Amino acid sequence: MTIVWSGLAVGAVYALVAIGYNLPLSQSGVFNFAHGQFVVLGNFLAWFAMVELGLPWWSAALAGAAFCALLGFAEEAVAIRPVIGKHGGHGALVTTVGASVIIQGVLLATWAQTPKSVTFFGGGDAFTLLGGRLEPVDLWLLGLAVVTALSLHLVSRRTSWGIAGRAANDDPDAAKAKGINVTALRATAFALAGGLAGLLGPVTAAKIGVDVGSGITLTVFGFVALALGGFGSYTGCLVGGLFVGLVQAVTNRYLGVEFAALILFAVLLAVLVFKPTGLLGRRALRVV
Amino acid sequence: MKSLARTPALALTGFAVVALLPQFGLADYWQRQIILVAIYTLICSGLNLSFGYAGELALGQVAVFASGAYVSAILYNHGHTDILLAFGAAVAVAAVAGLVSGLPGLRLSKWSLALVSFFFVLLIPGLVTIFESETGGSMGLSGIMSPTLFGQELDATGLYLTAIAATLVWMLVFRNLIVSRFGRFLRVLAAGPTLARSLGGSVYQLRIQAYVIGALPAGLAGVLYTYLTGFVSPEAFTLEVLIAVLAATVVGGANSVWGAPVGAAILVLGPLQAHSFELYSTAIYGVFLLVVGAVFSGGLAGIARRVTRRLRATGPPAPPGDQPALTIPGERLVVSGVRKRFAGLTALSGVDMTIEPGTVTAVIGPNGAGKTTLLNIVSGLLPADEGHVELAGRPLTGLPAHQVSRLGVGRTFQTPIVPDHMPVLEVVECGRLRHRGIGFPQAVLRLPGFYRIRREDRAAALAALSFAGLEHLASDDASALPLGTRRLLEVVRSVAGRPNVLLLDEPAAGLDDDGLRELGQLIRATRDAGGTVVLVEHNVPFVMDVADHVFVMELGTVIAGGPPEVVRTDQRVIDTYLGRRGQHSDEVSLP
């Protein structure tokens, strides 16, 4: 059971990355390659605010949220807006990879020069629950992932914001003709996704550490979570993320660390080939 | 293409000069740097093929590079030191790796393919650890020195010359492929899979070819890397390498042949030299990707192209001369009992039509009558639920779109699809792609067959262009033409392929009077040359003017058919489509 708990806790982080991918994706159809690095940046900001400046965790969370939201907004303005709709360009793909590399590169050249860590504000004493050992941060992460996924699920279904996003995603020109500000929707989604990464920084930093090296894993495993759960579905992100975390924990324990990525890759291929919509997704990717 | 046809002489000279440099006392250090340029050139040009030309961002290059490096090191440790053997084995493994990394791309596109192939890089350390007995695990394999060539040991300069030669051979193959039908098909694929299919290209096959061929040079690069450093470990194949390669590719110009060596040289001679730069290298690669991606999407090659285009006075590429009269082998198209439902909606409920060769047949009807669905079923883009389609007695039903196209169905689209930055003449030549295959060996080796096909394609394209009176545009950038001209161009492209039947999907939409007149002339000329033309159109006066036969559809069925003057007076047509006012015939008669 201890393995299950640790898998679920890491899985919650992947679920949160997947949700960060899904926000701009379902509001505007743009995939933000850089979101994994936003989470890494959120971790570093949490370290800076809590350890370096000695701020309380809640103000570190708010400051991180504000900073990352602004950065998300800036990314949309610089990397997406100039290339969107430009015919034939590989556009947004290259520029969001670029944004991801810039965040990584700046961190590498500055804060990442020395190892860093953040202790969890909710305490570090492990306790037993349902026959498995876990720490408070694990439970917090699970709770946060569930709450975020469910609330975004409801918001996207029930509010005009979510519905407008779906319309904009389906046919941007028709949506514009109906008076939907497609650009504003996209910018909001980028800012929200960024803000979410910054807001959760104090919690994720305590779980996965303050480390640039985690960026690539978050980027790829977050995508696996999104693909498994289904593009466009927030609850799918949650299910997919937890599943990826579980597979990773179980593989690490019984087969060895080197097998985890291989097995997840096989799972990803199987899902993409046999059920491209994922478990809960409605919108198929463009299939040939 | 003229400039590309001239480049080999220049490039060959460049390679020859570089190969002679050791004779003039090029220091060992710089020899090694130039081998590194060659290695990065190979990796980048593979990315050019799949990403720049085919438009698929497959980022598996570093994994393929690693596989080539490990293959040669393992061969060496088993006593096989011949570098040609290593090249052969690495290319074979690279082909398999390219296939595997590309497989998900058959179902996906764009960013999900990019991420799946990104995942490949993450797998390297795990795989190396699992096969530790052969790969040396995280410690790596060392002492892979002095390969042999035909039994002779290669010294540093020998390796240098081998690297230059291998790169040159690949670059020539690559360049020959790009100017061949294959390269053209890749650019069509990047413009849209639907267009590729309607021109007779199997999208699956083209993508697999692009991934596999794009992977080959990375395998060669891996061999050179192993023998250059004498050491292989998983640390050489990280994400940073991938990002550096991507940045070099984009800076050099992703959709160009000679952008790769330029980008690779900038990478090796610039960032990799300055140790003070190392700290900021990743951030600066990121800035490159962002800025070049957002502003100069053509990279340095794009800028060079723009400059040379401005310098060179643009004239017609070849004297048109007297074009042979164009004949188009029109055939009879029979549609019988075709039904199609989309979920609960019946789009077609039993359509029967016979379209005679050498006629212009128009299909009109209100929105939702099923006209475009019918065209899509005939051209194989949609499967019919029931019924048959036959062209010249051969069944088309159930065939995929690219085979339907190869059997003689040409078509245009409501929104013209024209590849970016392609001269008009080449766009028209694309219409010929459905005849015969790509001819890989002929294209790579420049056998006489390649030149013959190219001559025929060019002649047919020029004939089709002059047919429409567009020959003066031959060297213009097609994607920059106004909508009406691009519509005509799509018709010309189809005509150049001498289709047995030509399907036009709302060609008149959005055209002004001049455009309509030119379109009408082109359609009539196509028919007079023997072609069978099917026209789906809303513009009733235009249809009544140009068509020999008109079918009227409503709610998925044909409600009337006959010569225009008969259809125009048909009471049902007037009631359901032309409207009450249609009784006053001047409403629908010609202006």
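Going by what an unreviewed UniProt entry lists, chain B is known as ABC transporter domain-containing protein and is assigned to Actinophytocola xinjiangensis. Check the Subcellular location (unreviewed entry) section of the UniProt entry for chain B; it says "Cell membrane".

As annotated in an unreviewed UniProt entry, chain A carries the name Amino acid/amide ABC transporter membrane protein 1 (HAAT family) and is attributed to Actinophytocola xinjiangensis. Its UniProt record gives chain A the following Subcellular location (unreviewed entry) comment, quoted word for word: "Cell membrane". Per UniProt, the comment on chain A under Sequence similarities (unreviewed entry) is "Belongs to the binding-protein-dependent transport system permease family. LivHM subfamily."

Engineer: I keep staring at the packing of aromatic side chains and nothing clicks. Help me out?
Structural biologist: Pairs of aromatic rings are described using the distance from one ring centre to the other and the angle between the two planes. Scanning the entire structure with this criterion turns up 23 aromatic pairs over all chains. Here the aromatic rings of F31 of chain A and F33 of chain A are separated by 6.4 Å at their centres, their planes lie at 85°, and the arrangement is edge-to-face. Ring geometry for W170 of chain B versus F174 of chain B: centroids 5.6 Å apart, planes at 5°, classification stacked. One end of the pair, W170 of chain B, and the other, F174 of chain B, are both in helix α7 (residues 156–179), 4 residues apart, so they sit about a helical turn from each other. Owing to a relative accessible area of 6%, W170 of chain B belongs among the buried residues under this scheme. Ring pairs connect the aromatic residues Y21, F31, F33, F223 and F231 of chain A together with F118 of chain B, which therefore count as one cluster. Against the face of W47 of chain A rests K116 of chain A, its NZ or CZ located 4.5 Å from the ring centre. R253 of chain A extends its terminal NZ or CZ atom over the ring of Y254 of chain A, reaching a point 5.1 Å from the ring centre.

Engineer: Looking at this structure, I do not really get the confidence of the model for chain B. What am I missing?
Structural biologist: Close inspection of predicted coordinates is inappropriate in any region flagged by low pLDDT. Residues and elements named next belong to chain B. Confidence in the prediction for chain B averages 82 pLDDT; 91% of positions are at 70 or higher. Every residue in residues 313–317 is under pLDDT 50, and counting partners more than four places away or in other chains gives 5 contacts. For residues 582–591, every residue scores under 50 in pLDDT, and the model assigns this stretch 12 contacts once sequence neighbours within four places are set aside.

Engineer: In this structure, what is going on with the sheet that holds strand β6 (residues 345–355) of chain B? I would like to understand it.
Structural biologist: Strands in a sheet are paired, the pairing made by backbone hydrogen bonds, and the direction either parallel or antiparallel. All names here are of chain B. Read across the open sheet, the 4 strands follow the order β6-β5-β8-β9; overall the sheet is antiparallel. Every interior strand has two partners, whereas the edge strands, β6 and β9 (394–395), have only one. Contacting β5 (333–342), β6 and β8 (386–391), helix α15 (residues 371–378) runs over the sheet at an angle of about 115° to β5.

So, how was this worked out
- Residues numbered from 1 in each chain as written.
- Chains lettered and ligands numbered in written order.
- Predicted model: local features only at pLDDT ≥ 70, side-chain atom pairs only at ≥ 80, totals over all residues.
- Heavy atoms only, no water.
- UniProt positions renumbered as here; feature names shortened; annotations may be inferred.
- Phe/Tyr/Trp six-rings, centres within 6.5 Å; stacked < 30°, edge-to-face > 60°.
- Helix = DSSP H or I, 4+ residues; strand = E, 2+ residues; numbered from the N terminus.
- Buried < 20%, exposed > 50% of the residue type's maximum accessible area, 1.4 Å probe, protein only.
- Lys NZ or Arg CZ within 6 Å of the ring centre and 35° of its normal.
- pLDDT = per-residue confidence, 0-100.
- Contact = heavy atoms within 4.5 Å.
- Pairing = 2+ DSSP bridges.
- Axes fitted to C-alpha atoms, helices over the stretch in contact; angles between N-to-C directions.

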